[in-house]
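# Observations on the model geometry
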Amino acid sequence: MKKILAMLLAVMMMVVAAGCGGGGDKASSGSGAASSGGKKITMGFSQIGAESEWRTANTESVKKAAEEAGIELQFSDAQQKQENQIKAIRSFIAQGVDIIAFVPIVETGWDTVLKEAKDAKIPVIVVDRDVKLADDSLYVAKIGTDSLTEGKNVFKWIDEYMTKENKKPRGGTDQFQVVVLEGTVGSSVANGRQKGFKDEMAASPNAAKYNILASQTGEFTRQKGQEVMESFLKSDRDKIDILFAHNDDMALGAIQAIEAAGLKPGKDITIISIDGVKGIFQAMIEGKANCTVECNPLQGPVLMETAKKILNGEKVEKMVYVPEGVFPADVAEKTLPERKY
Ligand code: GZL
């Protein structure tokens, strides 16, 4: 009898061990595969394109984070067209992905397709840029950056710098003449950065010292930034004191135009831009740019973490901001080695 009981106990222990091990094996067999209801999570991700160093870093962060999280990524590059993003989202719905994430190239025009996702019971996460919707329940969470604060930080830094350096207007007037290279027309980041910059200027006791001489989109690209800066210089070469570029890539293009016009970028024209990509740190080290306001593209890890929480039925914040800083030229040399994008 004792022998039979001992054998039964041993058999039971083997069954239990196999059960735990099997579960553990399944979890670890997919190299930490994230599962939803036992199957691997699939995320449909619609990216804008590859217009800037920042965007490339954003894409790399999302792809790397998906791999590390064991999430299968269906990645679509919209080549800067909203209609391609809408097509991609519809295709994700048809495929029956577990969750959809997208970077809205512009703020409006998303209500219909996001309603289709909601009707298909597929949760949506908005990444990087913002959307304007009649019904905010069409997305579960937004992960990104605070473009309004970025714009405010730009003016704050300019005003402190022009005062500290005791700069004088080049064109003989009593106002610093500012030209602006704006981002993609209709995008939340271009709207937010421009509004933040103007609001901070209007609220400043030094508002009367500044005049926005010209402001035009450079579409967040280096090439277009150079072209538009060439046109600014053609009409106001000897008046421009400050360039505010909504991203570093346009500033880098503008630097080429300023040098071609026989002026010293960073000295004749004070240059500040947003993103914090390596290229602008190098330009600051060379004395050709004066400051960059960080906009953090490394949003992949927080995106995947938020996706898993949503699919596990956990509550998530409607808005998740990523950390950002301000980097003037005098810290560029020591900071560049630490930069991740
Ligand atoms: C900002 C992001 C912007 C970057 C640009 O959140 O959407 O788009 O500032 C990028 O470099 O092209």
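In this text the structure is predicted, and so the values were computed from the model without any measurement.

So, how was this worked out
- Residues numbered from 1 in each chain as written.
- Predicted model: local features only at pLDDT ≥ 70, side-chain atom pairs only at ≥ 80, totals over all residues.
- Heavy atoms only, no water.
- Helix = DSSP H or I, 4+ residues; strand = E, 2+ residues; numbered from the N terminus.
- Buried < 20%, exposed > 50% of the residue type's maximum accessible area, 1.4 Å probe, protein only.
- Contact = heavy atoms within 4.5 Å.
- Pairing = 2+ DSSP bridges.
- Axes fitted to C-alpha atoms, helices over the stretch in contact; angles between N-to-C directions.
- Core = buried A, V, L, I, M, F, W, Y, C linked by side-chain atoms within 4.5 Å.
- Parallel < 35°, antiparallel > 145°, perpendicular 65-115°, else oblique.
- Left-handed = near helix turned anticlockwise from the far one by under 90°.
- Nonpolar A, V, L, I, M, F, W, Y, C, P; charged D, E, K, R; others polar.
- Near = heavy atom within 4 Å.
- Polar contact = N/O pair within 3.5 Å; in protein donor to acceptor, adjacent residues only side chain to side chain.
- Areas by Shrake-Rupley, 256 points an atom, 1.4 Å probe, with all protein chains shown as cover.
- Domains from an automatic or database assignment.
- Salt bridge = Lys/Arg side-chain N within 4 Å of Asp/Glu carboxyl O.
- Phe/Tyr/Trp six-rings, centres within 6.5 Å; stacked < 30°, edge-to-face > 60°.
- Lys NZ or Arg CZ within 6 Å of the ring centre and 35° of its normal.

## Quick word on the side chain of Ser76
- Locating Ser76 in the fold gives a position in strand S4 (residues 72-77).
- Residue Ser76 is classed as buried on the basis of its relative accessible area, which comes to 17%.
- Here Ser76 is in contact with Phe45, Ser46, Gln47, Ala88 and Phe92, once residues within four sequence places are set aside.

## Topic: the environment of Leu114
- Secondary-structure assignment places Leu114 in helix H4 (residues 111-119).
- Between the C-alpha atoms of Leu114 and Val124, which are ten residues apart in sequence, the distance is 7.7 Å.
- Beyond its immediate chain neighbours, meaning those up to four positions away, Leu114 contacts Phe102, Val124, Leu133 and Leu138.

## As for the sheet that holds strand S3 (residues 42-47)
- What the six strands build is an open sheet, ordered S4-S3-S5-S6-S7-S13; its pairing is parallel. The sheet is open, and its two edges are formed by S4 and strand S13 (319-321), each paired on a single side. Sheet twist, expressed as the average angle between the axes of neighbouring strands with direction ignored, equals 20°.
- Bridge analysis of strand S6 (residues 124-128) against strand S7 (residues 141-144) gives four bridges, and the strand direction is parallel.

## Description of the nonpolar core
- One finds Ile100, Trp110, Ile125, Leu303 and Met304 to be the most contacted residues of the largest nonpolar core, which totals 46 residues.
- At the level of secondary structure, the elements contributing two or more residues to this core comprise S3, helix H2 (53-69), helix H3 (82-95), strand S5 (99-102), H4, S6, S7 and helix H10 (300-311).
- When residues no more than four places from it in sequence are discounted, the contact partners of Leu303 are Met43, Phe45, Val62, Ala101, Ile125, Val127 and Ile143.
- Listed in part, the 31 residues of the second largest apolar core include Leu233, Ala257, Ile280 and Ala289.

## Quick word on the packing of H2 against H10
- The N-to-C vectors of H2 and H10 enclose an angle of 45°; their axes lie 7 Å apart at closest approach. With respect to their mutual orientation, H2 and H10 come out oblique. For the element pair H2 and H10, the recorded crossing hand is right-handed. Along the contact surface, H2 presents Ser61, Val62, Ala65, Ala66 and Ala69, while H10 presents Gly300, Pro301, Leu303, Met304 and Lys308.
- When its residues are assigned to classes, the contact of H2 with H10 shows seven nonpolar, two polar and one charged.

## Topic: the site of the ligand
- The full set close to the ligand counts 13 residues, and Glu51, Asp128, Arg129, Arg193 and Asp275 are the nearest of them.
- A distance of 2.9 Å separates an oxygen atom of the ligand from a polar side-chain atom of Arg55.
- Notes on the ligand: free accessible area 320 Å², of which the protein chains cover 100%.
- Residues that form the shell around the ligand fall into these classes: four nonpolar, three polar and six charged.
- There are two domains that each give the shell around the ligand at least three residues, and those are domain 1 (27-144 + 297-323) and domain 2 (147-295).

## A short note on the pattern of salt bridges
- In this structure the tally under the stated criterion is 19 salt bridges.
- Asp119 serves as the salt-bridge partner of Lys115, at 2.9 Å between the closest nitrogen and oxygen. On the criterion of helical spacing, the pair formed by Lys115 and Asp119 is a turn pair, its members being four residues apart in helix H4.
- The class of Lys115 is partly exposed, set by a relative accessible area of 42%.
- A salt bridge links Glu150 to Arg193; the nearest nitrogen and oxygen atoms lie 2.8 Å apart. Pair noted here: Glu150 is in helix H5 (residues 147-164) and Arg193 is in helix H6 (residues 188-203), with a separation of 43 residues, a long-range link.
- With a relative accessible area of 1%, Glu150 lands in the buried category.
- Connected through salt bridges with shared partners, the residues Glu51, Arg55, Asp128 and Arg129 form a single ionic network.

## Some points on the packing of aromatic side chains
- One pass over the structure, following the stated rule, counts eight aromatic pairs.
- Arranged with centres 4.8 Å apart and planes meeting at 55°, the rings of Phe102 and Trp110 form a pair that is tilted. Across this residue pair, the class does not change: Phe102 and Trp110 are buried.
- Here Phe155 and Tyr210 contribute two aromatic rings whose centre-to-centre distance is 5.1 Å and whose plane-to-plane angle is 80°, an arrangement assigned as edge-to-face. Residue Phe155 is located in helix H5, and its partner Tyr210 is located in strand S9 (residues 210-217); the two are separated by 55 residues in the primary sequence.
- Given the relative accessible area of 3%, Phe155 is considered buried.
- A relative accessible area of 5% means that Tyr210 is categorised as buried.
- Sitting over the ring of Phe75, Lys63 keeps its end group 4.3 Å from the ring centre.

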